[in-house]
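Per-entry structural report
Letter by letter, the chains look like this.
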Amino acid sequence: MNLLEVLLVTCLLSTCLGEDGGGRVWKTVPRRPYLKNDFESTPLQIQTDSRLGDTVYIEVYPVVDQYSIQISNIRESSTFIVLTAPGIQSDFIINHFNLTGPIHEWKISKDNKYSKFKISCDGIEKIYDFPSSDQDTWKRQVDEIKFMPFDTATSRYKDSNWTWQDLAQVRLPNRLSLYPIEFKTNDASAARQYTHITLYTADFKAETKVDIQWDNDDYQFWIDQCNRCDGGQSYAQTRFTNVPGDIEQTWKLELSPGQLDIHCNGVKVYSYVYNDNIKYTNSACMGCTAQMNMQFEYFEFNEANDKAAVEYLTPPQCTGLPESWAGVKMEPELPLPYNTRVSVSCADGYNKTSGDSEVVCLGEENFGFNSQPVCRKDCSDDKKDDDKDDDKDHDKDDDKDKDDDKDKDDDDDDKQDHGKDGGGSKMLYLGIGLGAGFVVGSLIGLVLYLVKAKCSRSAGRSNAGASYVVKNNKANVYS
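Below, the structure is looked at part by part.

What counts and what doesn't
Residues numbered from 1 in each chain as written. Predicted model: local features only at pLDDT ≥ 70, side-chain atom pairs only at ≥ 80, totals over all residues. Heavy atoms only, no water. Helix = DSSP H or I, 4+ residues; strand = E, 2+ residues; numbered from the N terminus. Contact = heavy atoms within 4.5 Å. Areas by Shrake-Rupley, 256 points an atom, 1.4 Å probe, with all protein chains shown as cover. Disulfide = S-S within 2.5 Å. Buried < 20%, exposed > 50% of the residue type's maximum accessible area, 1.4 Å probe, protein only. Pairing = 2+ DSSP bridges.

**Focus on the overall build of the protein chain**
Secondary structure summary: the protein chain contains five helices and 34 strands in total. Long-range pairs, those at least 24 residues apart, make up 58% of the contacts in the protein chain with a sequence separation of at least 6. Counting only carbon and sulfur atoms, one obtains 50% of the accessible surface of the protein chain, whose full area is about 26700 Å².

In structure tokens, the structure reads:
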């Protein structure tokens with residue numbers, strides 16, 4: 001294979017296929033599907049997984065207006081069902097489905113003739129009257145159904161052919177303290193475009209929103225609780241003017257302690273410094289710094305407002321282990337996609353003494369865990385080697401004793417000739433032998449001590465009760 005062929009193969013395996021090094025890949029921004037469904041003769045069939053979230057949130061689209069159905073608290077036996085229509089107060093229903101286990105199958109439909117909703121879970125059906133506030137709204141003929149971004153629990157749905165389809169997960173994993181959000185837009189000349197991004201903590205219980213809006217070349221952005229608060233009633237218009245005028249734009253949102261940097265096509269267009277004491281149109285936004293310094297683990301493009309983002313860059317793969325993780329072995333093996341849960345064991349010659357049995361890949365040499373896995377070198381192997389060396393030394397000593405006996409026999413005649421003078425030489429030789437033995441014994445003891453100490457320290461430190469990221473062989477602890 002010549003050099004040109006090698007370069008071509010390398011291109012096909014990386015950049016030319018959209019990969020940006022380290023396993024980072026440009027992917028299409030996920031969108032929720034619209035399902036053609038009349039909601040009467042064809043019930044909506046979905047499957048939920050409470051390990052993903054606890055809320056089903058769908059919008060039902062008649063020809064005019066729309067209404068929504070929300071099923072919440074799926075993890076608990078007490079399930080909340082909320083029926084909402086524009087301009088109409090929500091009807092709030094509490095019901096007990098006696099849910100057990102994470103996976104459940106639901107059917108949702110309506111019966112216009114009897115003004116009823118039908119909701120069943122795992123074959124158990126509950127029937128609810130249409131909300132009395134405006135029954136005409138609920139009786140309108142339905143054309144489409146859509147899963148909203150607030151829907152965290154739905155994992156699959158049945159399409160028009162009654163085939164199960166996976167629902168695209170719009171919440172994208174990315175630890176923002178390690179890797180920026182990078183995405184592409186391709187219509188910078190369009191009037192009134194939005195990119196609306198929501199950031200989430202790991203449990204999805206805390207969130208914030210970052211919006212970038214432009215109207216031709218007029219760019220501005222907002223961050224909830226920083227320069228937009230009170231539900232948008234209080235805000236400060238934050239503009240930037242040095243945005244490159246390219247039709248296709250690649251954006252990067254980089255969070256660091258104390259500020260958010262916004263880049264476009266390689267140009268830093270704005271640095272927003274968090275401030276809790278700025279007065280806006282109505283009041284001061286409080287808590288900006290604490291909010292933006294949270295550990296964000298997911299983000300999503302909120303399609304209710306975001307029409308501009310077309311692609312996003314995935315975080316890097318895990319490609320290696322920190323040097324301090326001596327003896328640690330993973331299954332499956334590296335490299336691994338970001339956010340993969342990995343089983344941890346110890347390589348041959350090591351024993352696991354503490355730490356988690358699973359960790360989560362966070363890209364490059366970063367892993368998430370509660371207690372660092374610790375593998376210690378198996379000292380029994382060293383002891384076996386030491387015993388073998390001792391046996392060899394004993395054999396050598398036996399051979400030496402035999403030679404010494406022979407030499408002693410040879411010297412007997414000489415001793416008879418020398419008489420009393422030989423007695424002084426014998427005492428001298430005995431003293432030298434005892435001194436040499438003491439030195440050699442001390443050295444052997446010192447070596448064994450050092451080997452044992454090295455073995456006990458081989459796995460490094462173990463820490464419990466915290467969440468870690470290891471990067472560049474250093475551990476950063478997040479409380």
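**Thoughts on the state of the cysteines**
Summed over all chains, the structure comprises three disulfides. A sulfur-sulfur separation of 2.0 Å characterises the disulfide bridge that pairs C226 with C288. Disulfide C226-C288: the torsion about the S-S bond is 90°, which places it as right-handed. You can see C226 sitting in the loop between β18 (218–223) and β19 (228–229) and its partner C288 sitting in helix α3 (residues 288–292), a full 62 residues away along the chain. Residue class for C288 comes out buried when judged on its relative accessible area of 0%. Each disulfide pairs two cysteine sulfurs, and for C318 the partner residue is C361, the sulfurs being separated by 2.2 Å. The S-S bond linking C318 to C361 shows a torsion near 110°; that makes this disulfide right-handed.

**Some details on the sheet that holds strand β21 (residues 238–240)**
Taken together, six strands build an open sheet; the order of strands is β14-β25-β16-β17-β18-β21 and the sheet is antiparallel. Looking at the sheet topology across the chains shown, the edges are occupied by β14 (172–173) and β21. In the sheet, strand β16 (residues 193–201) pairs with strand β17 (residues 207–215) via eight bridges, with the strands oriented antiparallel. Considered in β17, the bridge of T195 is made with I212.

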